[in-house]
Each structure stands twice: as structure tokens, then as C-alpha cells.
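Descriptive structure summary
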Amino acid sequence: MSLRRRLLRWRARWRRGPHLAQGLPWAILLLGLMLSLGLWSHEREEAEQALQRDLDAALHAAGQRLSHRLDALQQVLSAVHALAQTQEPVLTGRSLDEARLGRFMEALPLGAEHAGLEGLALVRWMPGRAVDDKASPRALLGPLLPGPGQLGQPPDLWREALLQPALQRAWESGQVALSPALDLRSWRLGRSLGFVLVQPLFRSFPDGGRRLESWVLAPVALAALMDPLQAQMPRGLSLRLFDGEGLQDPPQIYPAAAVPARGQRHREERLHRGGQAWTLQLLVQPDYAPLTRLGEPLVLGLLGGLGSLLLALLAWALAGSRERAQALAQRMTRALRESEQRWAFALEGAGDGVWDWDMRADALVTTARWKALMGWSLAAGEPRLVQMLPLVHPDDHVQLRQRLRDCIQGGPGTFEVEYRVRAEGGGWRWLLARGRIVERDEGGDPLRMIGTLSDIDARRQSEAQIHFLARHDPLTELANRAHFSERLQQALAHARRYRESLGLILVDLDRFKPVNDIHGHAVGDELLQAMARRLKAAVRETDVVGRIGGDEFLVLLCGPVSRESARHVAEKIYNLVAQPLQLGDLSLELTCSVGLAMYPEDGEDEHSLKKAADDAMYASKRAGRLLLGTTGG
Ligand SMILES: Nc1nc2c(ncn2[C@@H]2O[C@H](COP(=O)(O)OP(=O)(O)OP(=O)(O)O)[C@@H](O)[C@H]2O)c(=O)[nH]1
């Protein structure tokens, strides 16, 4: 397919409109997913930031608590320092000794904030020796708190690589210094891993100088220091402490064994105290409650996505149902139209017209054949019912209206009526209209009627022909014996009821047989036909002329008729028959015998009346002249 055709097809589809219905679900889905994604991303960021704030706050609080603990421990050393100052050895000649330090410690009000303090040790500096002299300094005392027991031979703390920098820092700065983490047991300073707070004590001289005299060491057990802090942490958060400013090297010093899982969340804070750096780490465990908040944005996003999907599906279903309904309606309309067309075509093919009458709107829809049959111009459009009636033979109006009314007003719902309309070349054409109610309202009143219109003119003519032949003489077309008898009986019944008189004239041709014999039957036939015409011409149209035998005719003069009038007609017949008759080259003259009988004088029924007429006729024949009234008249 060429690009141009594709474009044209696309444009046509676009103009038809279904593109909207087709694209709408996708647009809704896309928009919904984008919104859900944006919402999820925003909420996740918010939740992440909230979590980080919570963690930072928790870590900071833990750092603060640790600092307070260290402050409390440092205050102990400050108190020792103050004690040493009040026991100024220069003035009193007494330096701080183990006994006084012991008493001081016993009197110290140690509380929970001093947890981890293993004891105090006095390390005396041997004056006059170099700092790096192997022989000095020596730790002399300790512990002064319940602990690992009286120190034995004082260890050479100066030789301890982990402790010596702290001692030196304290000496140089005059401030409390912290050692790195070390095993307190190695130096009989405690019972576990810990660190040492170092307080330098100086001896002042009158010249303003001063000289280091000793250090007071406060060993602190890390586990005892940190466990209470850990206990105060919210569930799901754990603390780790690293010696130095890194997380790998120098090593973790608290807790003893805790290896974080890969990808575990953590936050760090640096602590600097007494020349020593620590890294306090906050580890987030999977059971930390706020972590669940991180899942909420995902749920929200998923719900949004699901909602979008559902909305899109709904839109698709709605759009689809609309399209399906349209398609169904189109199919049904097409099927109906095809069905109607087939139906109309079949009927039209059979020569019938079709009509459809919307009774509410009084609108008639008819086919071309219907219009042709009814003599309605195609150009005139559709007729209304009232316009149809003038086309119908006036004699058929009553019947047509009656049948239609019967059908509409609770009849069987069908009707059938034969009526005549004007034929093209003049005259009338017989039609048969059939109808059926096909739609009613809730109350049962008819709303719509459809039907056919058939041309039955040929049938009606043939029926009429058969009817005529059954009742007439085929040669002369006069009433035959049976029909004449029927008409006579009707006339007698009428005359009886209205007390009227009737006249019956019997006409018999004289010597007709020789005509046949001489000129042939064909001439005889022609003569009979001519006589029949003369007889008909002699009477009124309402009178009945019949041929009841070979050359015998009956004339019924319908009433009221007087005998005199009847005689007059008989004479007229007699004279007419006697008129010469020209058949081609042949000229014939014929007489007849006529008999007249009057109802009721000569007979009161068919038989007696006929007999009277017969008698009168024979009397005339015998007389060879017209005898009227000889028998009873
Ligand atoms: N051509 C012709 N002749 C007929 C027809 N029907 C009857 N006839 C003849 O008509 C004649 C009637 O017979 P009749 O009445 O006895 O003869 P007629 O010569 O009239 O005798 P009268 O009545 O006594 O004068 C017979 O010869 C029949 O054959 C017919 O349809 N056509």
C-alpha cells in the first residue's frame, strides 16, 4: 500500500471518530502510569528523607549520650585533679598517694553515668629520668573501685605502644587524653576491651615552673559504657563504635561481634575526645519500624498503576461496548434493510405492491409497484390514506372502510379486501389489498401495519366470465333456463311482498327448423342471435330475457307492470321479430308465437305462470296469429 493511501485511510479513520474511543484507554493508562510513577518517586524521596532525618536524629542523640558519659568520666578525673591541687605537694610536702586516692574514690558518688569505669590507677613519674627511659614511669596503684584486684608488680605502661601516646599527649597538653582501644586485662587495668582516660598531674614550683609528677588513669570497659546506650536505642537500630575515623581500619571496638549485612543502611558520626577520634555508627536492622514506610510509596505507586489499569480497562470496555453496540445496530439495520429489500423484491417480483403504514404519524410508505397499481404518480411522492380513497371505486368505499375498521378495532389483526381502481385505459381494475398489524403500543392499540397489493383483475374477469357463462346462453348471451328461473323467483318474491304485478312472455319462433335445414345451422345461429338482440331491444334494461329452448325465449317484465303494458311489449316483440332480417346476402323473414301470463292473475308461482304463458303461446301458434289475453288475458 502506498504512503498516500495509508495517509488517506488514516485520515478517513480519524474523521470517522472511533480513534478517540480506541486511543482513550491507552491515553488513560499512560497518563495514570506516569502519574503513579511520579507519585511513587516523590513519595519515596520524601520517605527516604524522613528516614534519614530519623536516623540522623537517633545517631546524634546516641552521640550526645556517649559524650555525656565521657564528660561524666572526665569529671571524675577533674575531681582527682582538683584533689591533687588541694594536696599541693610543694606546700605540704605530701603528694597524692594511693591511700588518699583510694579514700577519694570510695567517697565518689558513682552513678549509672559512670558505667564502665573500671577503676583509677596512679602512675607516678620518676623525676629526673627521661621520658623515654625504660625504667619509668610505673603504674603504682589501682584499682580503687571493685575490680580485677590489687595490681601486683606495676607494669611499665610507658612501654605500651597503645598507651604511651596518650600519656605523652596528656603530659604535653596538660589535659585529659584518651587512649585507643586496648585490652585492659593486659595491663591489669580492667576485665575486658576498653580504653583509658589519662589525667596528668603536675607539681608546681615557686619559680612558676611545674613538672609532671604523675598520671591518673581511668580505665573504662567499652561494653559496660556502650551497652546502656544501645539499650536506649529504638528497636531495630544498633550502635557500632570504631576506633579512629574509618569503618575498616582502625577496627571496630564495639560491639564484640556484629557483622553488618551487605547493603544494610548505616549512618556515621565522628567523635573527638582527648586527642582520640571515634566513629560512632548507627546500623539499621530490618526490623526497624520506619523502614516499612519506605514500602508505602511503592504500594501507593502500585495502587496508582492498578487504578490506571482499571480505569483504562473501564474506558476500553465502555468504548468497546459503544462500538460493539454501534456495530450491532449497524448489522441489525443492514440485516433488516436486506430483509426488507428481499421481502419487497420478492413481492415486487411477484407483481405485488408493498405498503407500510405508520398509523401514529399517518405516513404511508409504498413501493413503485403499489403506486403503479393504484394509479398514483411516482413523482407525487408518498400518498396519505385519505388521498387513496378517491382512487377507489365508489361502490367499494364502504367495504374498504369497514374491513380496515374491523382490523384496527380489535379484529384478528389482518384484513383482506378487494376493490376497484381506475384502469389506465378507462374502466376499472380489480385489486386485492392484504394487511397485517405488526406493531402495537402497550395498550394493544395498533401502531404500524404492513401489507401487499395484488392485481386480481384477470382473476375477477375470469370469475365473472365463468359466472356469466354459468348463467347465460353462450349463443345469445341471454339468461339461460336456470338463471332465468332464479331471476323469476326473485321477481315473484318481490312482487308478492310489494303486491305488484309481473308479466311473463313466452316467444317461440315459427318454423325455425326449416331455416336450419335450408340454410344451415350457422345461419340458424345467427338468426337466433339477431332475435335475441331484438327481444332485448324490445324491453327495459331491468327486464330479463332468457333463452330456455332451441328457439324458445322467455321475457320477464319486472313490476309493477299492467297487463296492458305487458300486451304492448308482447306486440312490440311480435312485430320486431317479424321484421325482415338481412344476414349477408340472405334475407329472411320469420314470425313468432307469443304467449303472455300475468302475475298474479294467470299464475302465482313460477310453474303456473310458465304454464300459463306456454298455453297462451300455443294458442297463438295454433291460431297462427298474435293472441293476447285469450288465456286469462
Ligand atoms: N341453429 C340452431 N338451431 C337450433 C338451436 N337449438 C335448437 N335448434 C333447432 O330449432 C328447431 C326447433 O324446433 P321446433 O320448434 O320443433 O321447430 P319449428 O320449426 O320452430 O316448429 P314450430 O315451433 O312448431 O314452428 C330444431 O330444428 C332445432 O334443431 C340452436 O342453438 N341453433
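Residues numbered from 1 in each chain as written. Predicted model: local features only at pLDDT ≥ 70, side-chain atom pairs only at ≥ 80, totals over all residues. Heavy atoms only, no water.

What about the sheet that holds strand 15 (residues 446–455)?
Read from one edge of the open sheet, 5 strands run 12-11-15-14-13, paired in antiparallel fashion. Looking at the sheet topology across the chains shown, the edges are occupied by strand 12 (363–366) and strand 13 (414–422). Across the sheet, the mean angle separating the axes of adjacent strands is 25° when strand polarity is ignored. Each of strand 11 (353–358), strand 13, strand 14 (428–440) and strand 15 touches helix 10 (residues 394–408); the most contacted strand, strand 13, lies at about 160° to it. Strands strand 13, strand 14 and strand 15 of the sheet are contacted by helix 11 (residues 457–471), whose axis makes an angle of about 125° with strand 14. (Pairing = 2+ DSSP bridges. Helix = DSSP H or I, 4+ residues; strand = E, 2+ residues; numbered from the N terminus. Axes fitted to C-alpha atoms, helices over the stretch in contact; angles between N-to-C directions. Contact = heavy atoms within 4.5 Å.)

Thoughts on the sheet that holds strand 18 (residues 552–557)
Overall, antiparallel pairing links the 4 strands, which are arranged 17-18-16-21 in an open sheet. Looking at strand neighbours, the two that pair on one side only are strand 17 (544–547) and strand 21 (592–599), the edges of this open sheet. Averaged over all adjacent pairs, the angle separating strand axes in this sheet is 15°, with direction ignored. In terms of strand pairing, strand 17 meets strand 18 through 4 bridges, oriented antiparallel. Bridge pairing links R547 to F553 in strand 18. Here helix 12 (residues 481–498) sits on the sheet and contacts strand 16 (502–509), strand 17, strand 18 and strand 21; the angle it forms with strand 18, its principal contact strand, is near 25°. Each of strand 16, strand 18 and strand 21 is contacted by helix 15 (residues 563–578), which is oriented at about 165° to strand 21, the strand it contacts most.

Notes on the site of the ligand
In the vicinity of the ligand there are 17 residues, among which R511, N516, D525, R547 and D551 approach most closely. Note that an oxygen atom of the ligand is positioned 3.0 Å from one of the side-chain N or O atoms of D508. Here H521 contributes a backbone N or O atom positioned 3.3 Å from a nitrogen atom of the ligand. When the free accessible area of the ligand is taken as 640 Å², the share hidden by the protein chains comes to 65%. (Near = heavy atom within 4 Å. Polar contact = N/O pair within 3.5 Å; in protein donor to acceptor, adjacent residues only side chain to side chain. Areas by Shrake-Rupley, 256 points an atom, 1.4 Å probe, with all protein chains shown as cover.)

Considerations on the pairing of strand 16
Where burial is concerned, most of strand 16 is hidden: 8 out of the 8 residues are buried. Where burial is concerned, the two faces of strand 16 agree: the one with L502, L504, L506 and D508 and the one with G503, I505, V507 and L509 are both buried. Note that strand 16 and strand 21 share 8 bridges and pair antiparallel. Its bridge partner lying in strand 21, I505 is registered against L596. (Buried < 20%, exposed > 50% of the residue type's maximum accessible area, 1.4 Å probe, protein only.)

Regarding the confidence of the model for the protein chain
Regions with low pLDDT should not have their predicted coordinates read in detail. Model confidence for the protein chain is summarised by a mean pLDDT of 82, while 85% of its residues fall at 70 or above. Contacts from residues 89–94, a stretch scored under 50 in pLDDT, to residues over four places away or in other chains number 13 contacts. Both confidence scores are given for the complex: pTM 0.46, ipTM 0.92. (pLDDT = per-residue confidence, 0-100.)

Digging into helix 15
What sets the pattern is the α-helix's 3.6 residues per turn: residues three or four places apart point alike. End to end, helix 15 covers 22 Å across 16 residues, agreeing with the expected 22 Å (1.5 Å per residue, within 8%). Within helix 15, burial applies to R563, A566, V569, A570, I573, Y574 and V577. One side of helix 15 carries all its buried residues, which in axial view fall inside an arc of 140°. In helix 15, those exposed residues whose orientation departs by more than 90 degrees from the buried face are E564 and H568. (Expected span 1.5 Å × (residues − 1). Arc of directions from axis to C-beta.)

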